[in-house]
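Now for the letters of each chain:
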Amino acid sequence: MADKISNYEALTVDTMAGRLGSIESITDILGTNSSKWTSEEMGDGNLNLVFIVKSDQGSVIVKQALPYVRLVGDSWPLPLKRAFFEYHALIRQAERDPGTVPEIYHFDGAQAIIVMQFFTPHIILRHSLMAGTKHDGLAKTLGQFCARTLFRGSDLSMDAAKRKADVALFVDNVALCDITETLVFSDPYFDAERNHHTPQLDQLVVELRADIDLKVEAQHLKSKFCNNAETMLHGDFHTGSVMVSESETKVIDPEFVLYGPIGFDIGMLLGNFWMAYFAQPGHAIAEGARDDYQNWILGVVDDVWAEFSSEFSRLWREERTGILYEKSLFEDQGHTLASEQALAHRLQDIWQDTLGFAGVEMIRRTLSLAHIAENDSIENEELRADCEARGLKLGRQLVVNRSRMNAMATVNDLARTIAKEAK
Ligand code: SR1
Ligand code: MG
């Protein structure tokens, strides 16, 4: 279905230079001789058009929303306004954690276009996890990004009026929230039209859909996602939204931005690392060849949580200027220990939410519409199903038993046990 905005026109590699060639903030990067620009459409997103535009002077990314879900086609219309929400999320993330998200060179709301920094030679983290490449500093950047954006976008830090204005601004991102509410929290638990799974998982899928504890806990988590507008979330923080080079980690694609529970972004991220962990046998050249890499992934998970908690704690002590847990109630009265106690309680709540959101993410990426390349690229269906089944088992444990898991070592040990179980 065509979008209501009448002069909207999807970009092509042929129209790129003509349409963007006289915009100064872009010619500042690419130069004014737009006839020499080259454009390439990357074609790997679920929703949008994404072009790399290059000249002999520089390069940019041109991202344009389509009026429908690219993965499915024009039978699933989607508002162009998601580009507006992504633009506003990027501005806020850049303020809250400078240097981690792409710089914006140009935004056109009517055409749903964002022109932004091209990170090169970076690649999508998901591809790196399939290749078995390690990255120094990955966990530190990701843990800090979560802590800084999630703390600084909340009532722990923000001016209350500004936060409420932002809640109102982003609450309109209804269509993308609906995708998450549906694909993550509901579709996996019944025979939804868009679902698909590897056939060898049939029996396990029947068991999971009959699992009342799982279904109820998934709905408790959905209720938190819908009702707990704690902070500005990235909203789609999986390993396809992270770019890495040897020395740098960057975060992209916050179009699913919303106000939601603090544990959601970290949970989605960790769930994707655990799925990548279970998928490694599908990418190993020989049995055991990825054992060391699997340990590295679990180390990253451990470090992301440690970095997040330590940075969140630092911000709690140094930047708690919002309307929650005011210093006037604690430190200013000499009650520093009580403030530390409150911090420990908040971190414990976030921890449990994180595990639950990780679990539902692992289940939906195996049973619902959008899967992960780490599993999809395993050609041998038996092997793929085996990797996916192990992810489903950990996911189910995280959702149902998260209140009984008190340390990351416990969860990583459980992952190791599940990875070693006989088929
Ligand atoms: C219809 S969109 C499917 C998925 O792709 C995006 O990256 C989000 O993860 C969404 O759930
Ligand atoms: Mg995305």
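Per chain, residue numbering runs from 1 following the sequence as it is written. The naming scheme follows written order: chains are lettered A onward, ligands numbered 1 onward. The predicted origin of the model limits local features to residues at a pLDDT of at least 70 and limits the giving and counting of side-chain atom pairs to 80 or more, whereas totals for whole chains, interfaces and linings rest on all residues. The side-chain figures draw on all heavy atoms in the structure; neither hydrogens nor water molecules are used.

### Remarks on the side chain of Ser34
For step 1, the next point in the chain: Under the DSSP-based scheme used, a helix requires at least four consecutive residues in state H or I and a strand at least two consecutive residues in state E, with every element numbered from the N terminus. In this fold, Ser34 is placed in the loop between α2 (24-30) and β1 (38-41).
For step 2, the next point in the chain: Accessible area is worked out with a 1.4 Å probe on protein chains only. A residue is then buried under 20% of its type maximum, exposed over 50%, and partly exposed in between. The class of Ser34 is buried, set by a relative accessible area of 18%.
For step 3, the next point in the chain: By the convention used here, residues are in contact when the closest approach between their heavy atoms is within 4.5 Å. When sequence neighbours within four positions are dropped, the list of residues in contact with Ser34 reads Ala17 and Gly21.

### So, the sheet that holds strand β7 (residues 113-117)
For step 1, the next point in the chain: Ordered in space as β1-β2-β3-β7-β6, the five strands form an open sheet in which the pairing is antiparallel. A strand with exactly one partner marks an edge of an open sheet, and here the two such strands are β1 and β6 (104-108). Direction aside, neighbouring strands of the sheet carry axes that sit 20 degrees apart on average.
For step 2, the next point in the chain: The pairing criterion is simple: DSSP has to find at least two bridges between the two strands. In the sheet, strand β2 (residues 48-54) pairs with strand β3 (residues 59-65) via seven bridges, with the strands oriented antiparallel. For helices, the fitted line uses only the C-alpha atoms of the stretch in contact; every axis is such a line through C-alpha atoms, and the angle between N-to-C directions lies from 0 to 180 degrees.

### Points about the nonpolar core
For step 1, the next point in the chain: If you look at the biggest cluster of nonpolar residues, it comprises 86 residues, and the most contacted ones within it are Phe273, Trp274, Phe308 and Phe312.
For step 2, the next point in the chain: Source of the domain bounds: an automatic or database domain assignment. When residues of this core are assigned to domains, at least three map to each of domain 1 (16-117) and domain 2 (123-420).
For step 3, the next point in the chain: In contact with Phe273, not counting residues within four places along its chain, are Leu125, Leu129, Leu138, Leu142, Thr239, Ile297, Val300 and Val301.
For step 4, the next point in the chain: To form a nonpolar core, buried Ala, Val, Leu, Ile, Met, Phe, Trp, Tyr and Cys residues must be joined to one another through side-chain atoms within 4.5 Å. Counting 21 residues, the second largest nonpolar core, distinct from the first, contains Leu49, Phe51, Val60 and Ala83.

### Some points on the domain arrangement of the chain
For step 1, the next point in the chain: Segmenting the chain into domains produces domain 1 (16-117) and domain 2 (123-420).
For step 2, the next point in the chain: A straight line from the C-alpha centre of domain 1 to that of domain 2 covers 26 Å.
For step 3, the next point in the chain: Contacts between domain 1 and domain 2 engage 25 residues on the former and 30 residues on the latter.
For step 4, the next point in the chain: Of the roughly 2,400 Å² buried between domain 1 and domain 2, counting both surfaces, carbon and sulfur atoms make up 65%.
For step 5, the next point in the chain: Looking only at domain 1, the three residues that lose the most surface to domain 2 are Trp76, Phe85 and Arg96, adding up to 30% of its buried area.
For step 6, the next point in the chain: By definition here, a salt bridge exists when the distance from a side-chain nitrogen of Lys or Arg to a carboxyl oxygen of Asp or Glu is within 4 Å. Linking domain 1 to domain 2 there are seven salt bridges.
For step 7, the next point in the chain: Residue Lys81 is joined to Asp172 by a salt bridge in which the shortest nitrogen-to-oxygen separation is 2.8 Å.
For step 8, the next point in the chain: Pairing of N or O atoms within 3.5 Å defines a polar contact, subject to two protein rules: one partner must be a possible hydrogen donor and the other a possible acceptor, and residues neighboring in sequence count only if both atoms are side-chain atoms. Linking domain 1 with domain 2 are eight residue pairs in polar contact (both at pLDDT 80 or more), by the criterion used here.
For step 9, the next point in the chain: The dominant element in the side of domain 1 that touches domain 2, judged by the number of residues it contributes, is helix α3 (residues 82-96), at ten residues.
For step 10, the next point in the chain: Residue classes in the side of domain 1 that touches domain 2 are distributed as twelve nonpolar, six polar and seven charged. Buried area: the accessible surface (1.4 Å probe) lost by two parts on joining, summed over both. Throughout, the ten residues Ala, Val, Leu, Ile, Met, Phe, Trp, Tyr, Cys and Pro are labelled nonpolar, Asp, Glu, Lys and Arg are labelled charged, and all others, Gly among them, are labelled polar.

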